[in-house]
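# Observations on the three-dimensional arrangement
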Amino acid sequence: MPLIPLPRSFYAREPHAVARALLGKLMVRVDGRGRLRVGRIVETEAYHQSDPASHSYIGQTPRNQIMFGPAGYAYVYFTYGMHYCMNVVCQQEGEAGAVLLRAMEPVEGIAAMAKARGIELPLQPTTKQLRSLTSGPARLAEAFSIIRTRDNGIDITRKTSGLYFADDGASVSKIITTTRIGITKAVEKKWRYLIEGNPFVSK
DNA sequence: GAGGAGATCGTCT
DNA sequence: GACGATCTCCTCT
């Protein structure tokens, strides 16, 4: 099945709708040699501008300006002095919303993911070992070689960007919501979305 | 399996 | 000058 990038209209909605809709979709990375890395999204978090936990809450700054632009672009930030995290920008221009990708199920290019993570995998990796590749926002960013200087602000609706999202028709069993992870503000909001029972979610 | 410390630097006050 | 949308490693149980 050909993987067609999801259109900009998919992202031009409020973050909760996008966070929910992204579950079960594929993230596709094509590197310079044309090799594919593909993961199925199993966990997301929604962040909108009026949300104290969001980077956009304080208003536009050089760091977060991508979130204030049009939907369908990547917002990549650097945190804790060593980690990158991958978001998709949603909502309409002028309103800064984003969805953080928190966990994926590795689908294709597993060897390349392991190499990017600096992990040695056996020929027949266990579920636990596959989990360690992409079950966490910084882990999946590293597995897909996502870095701020190259990937922040790229257009994720174009195949030529080398990073986009696609629908392979897979259905999602059941979506549940919980509180978000690793934040200190608005901790009570249940704005984390995940596929119930999926072994690849974080924590 | 749970819990805590340390790593390490860009960003904003 | 403080702290973060995190991860790994180590210790203790």
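Reading the values: the criteria
- Residues numbered from 1 in each chain as written.
- Chains lettered and ligands numbered in written order.
- Predicted model: local features only at pLDDT ≥ 70, side-chain atom pairs only at ≥ 80, totals over all residues.
- Heavy atoms only, no water.
- Helix = DSSP H or I, 4+ residues; strand = E, 2+ residues; numbered from the N terminus.
- Rg over C-alpha atoms; globule rule 2.2 N^0.38 Å.
- Buried < 20%, exposed > 50% of the residue type's maximum accessible area, 1.4 Å probe, protein only.
- Areas by Shrake-Rupley, 256 points an atom, 1.4 Å probe, with all protein chains shown as cover.
- Lys, Arg positive; Asp, Glu negative; His and termini not counted.
- Charge placed at Lys NZ, Arg CZ, Asp CG, Glu CD.
- Near = heavy atom within 4 Å.
- Polar contact = N/O pair within 3.5 Å; in protein donor to acceptor, adjacent residues only side chain to side chain.
- Nonpolar A, V, L, I, M, F, W, Y, C, P; charged D, E, K, R; others polar.
- Pairing = 2+ DSSP bridges.

Each helix and strand in chain A was counted, giving six helices and eight strands. Scanning chain A from its N terminus toward the C terminus, one meets helices and strands in the order α-α-β-β-β-β-β-α-α-α-α-β-β-β. Taking 2.2 N^0.38 as the reference for a compact globule, 203 residues should give roughly 17 Å; the C-alpha atoms of chain A span a radius of gyration of 16 Å, in line with that estimate. Projected onto its principal axes, the C-alpha positions of chain A cover 50 × 35 × 35 Å. Counting the 203 residues in chain A, one finds 49% classified as buried. Accessible area of chain A: about 9,700 Å², with a carbon and sulfur share of 52%. Where the 27 positive side-chain charges of chain A centre and where its 17 negative ones centre are 4 Å apart.

Further remarks concern the protein's contact with DNA strand B. Lining the immediate surroundings of DNA strand B are I58, T61, R63, F78, Y80, G81 and M82. Backbone atoms, meaning sugar plus phosphate, form 67% of the atoms of DNA strand B positioned within 4 Å of the protein. Backbone polar atom of Y80 to a base oxygen of DNA strand B: 2.7 Å apart, as the coordinates give it. Residue composition of the surface near DNA strand B, grouped by class: four nonpolar, two polar and one charged.

Around DNA strand C sit 20 residues in total, of which H55, Y77, N87, R117 and R139 are the nearest. Within the side chain of R117, an N or O atom sits 2.7 Å from a phosphate oxygen of DNA strand C. Here a phosphate oxygen of DNA strand C and a side-chain polar atom of R139 are 2.4 Å apart. Counting residues per element, the ones that place at least two in the surface near DNA strand C are β4 (83-90), β5 (97-108) and α5 (137-143). Among the elements that make up the surface near DNA strand C, the one with the highest residue count is α5 (three residues). When the residues that make up the surface near DNA strand C are grouped by side-chain class, the tally is nine nonpolar, eight polar and three charged.

Glancing now at the pairing of strand β3 (residues 74-79). Across the six residues of β3, five count as buried, placing the element largely inside the fold. One ladder, built from six bridges, connects β3 with β4; its direction is antiparallel. Paired with T79 across the bridge in β4 is H83. Here β3 hands over to β4 after three residues, with Y80 in that stretch at a positive phi of 55°.

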